Amino acid sequence: MKTKYYKLKEEDLKDLCNSPKWCIATDKITVEGMKVGFMYREEPSEEGDSGWRFFSGTETQDFVDDPKNAMMFSLNTIANYDEAILPFLKYSVGTELERVEGEDTFRRLEE
């Protein structure tokens with residue numbers, strides 16, 4: 001099994017998000033260090049799940065389909081990778097957001 005090397009070390013994480021909940025993020029963010037490009041919130045799958053799912057937006061379908069390419073993290077951990085997500089974490093289930101190109105903000109995706 002290949003060892004993952006995360007861009008941020010646990011001891012370097014700051015307390016940015018006052019939530020004990022977890023989320024799922026892909027290796028494009030946590031291993032490659034890319035910014036969040038797309039995020040959505042679904043119904044939590046179990047106790048402690050925030051329902052948030054984070055992607056860089058560059059993942060292929062094959063990449064996303066391989067469970068080895070994503071992992072559960074605390075919301076605080078992903079906020080340390082990309083602080084731009086912080087104002088949006090209280091948005092409701094069903095929210096889909098994409099990064100505004102060249103900015104540290106997101107916009108809602110319309111159906």
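In what follows, the accompanying structure is described. (Residues numbered from 1 in each chain as written. Predicted model: local features only at pLDDT ≥ 70, side-chain atom pairs only at ≥ 80, totals over all residues. Heavy atoms only, no water.)

## Some details on the sheet that holds strand β6 (residues 106-108)
Reading across the sheet, the six strands line up as β4-β1-β3-β2-β5-β6 and stay open at both edges, with mixed pairing between neighbours. The open sheet has two edge strands, β4 (70-74) and β6, and neither has a second partner. Each strand of the sheet is rotated relative to its neighbour by a mean of 25°, with strand direction disregarded. Summarising the sheet, strand β2 (residues 38-41) and strand β5 (residues 96-99) pair through three bridges and their orientation is antiparallel. Bridge pairing in β5 places Tyr40 opposite Glu96. (Pairing = 2+ DSSP bridges. Helix = DSSP H or I, 4+ residues; strand = E, 2+ residues; numbered from the N terminus. Axes fitted to C-alpha atoms, helices over the stretch in contact; angles between N-to-C directions.)

## Some words on the state of the cysteines
In the structure shown here, the tally under the stated rule is zero disulfides. No disulfide involves Cys17; its sulfur sits 8.7 Å from that of Cys23, the nearest cysteine. (Disulfide = S-S within 2.5 Å.)

## Re the environment of Val31
By the secondary structure assignment, Val31 is in the loop between α1 (27-30) and β2. You can call Val31 partly exposed: its relative accessible area is 24%. Residues Val31 and Thr3 lie 28 residues apart in sequence; the distance between their C-alpha atoms is 11 Å. Once you skip the residues sitting within four places of it in the chain, Val31 turns out to touch Lys4, Tyr5, Tyr6 and Lys7. (Buried < 20%, exposed > 50% of the residue type's maximum accessible area, 1.4 Å probe, protein only. Contact = heavy atoms within 4.5 Å.)

## Section: the pairing of β2
Put simply, side chains in a regular strand alternate between the two faces of the sheet. On β2, burial follows the alternation: Met39 and Arg41 on one face are buried, whereas Phe38 and Tyr40 on the facing-out side are not. Bridge analysis of β2 against strand β3 (residues 49-55) gives four bridges, and the strand direction is antiparallel. Bridge assignment links Phe38 to a residue of β3, and that residue is Phe55.

The analysis is restricted to geometry; functional conclusions fall outside its scope.
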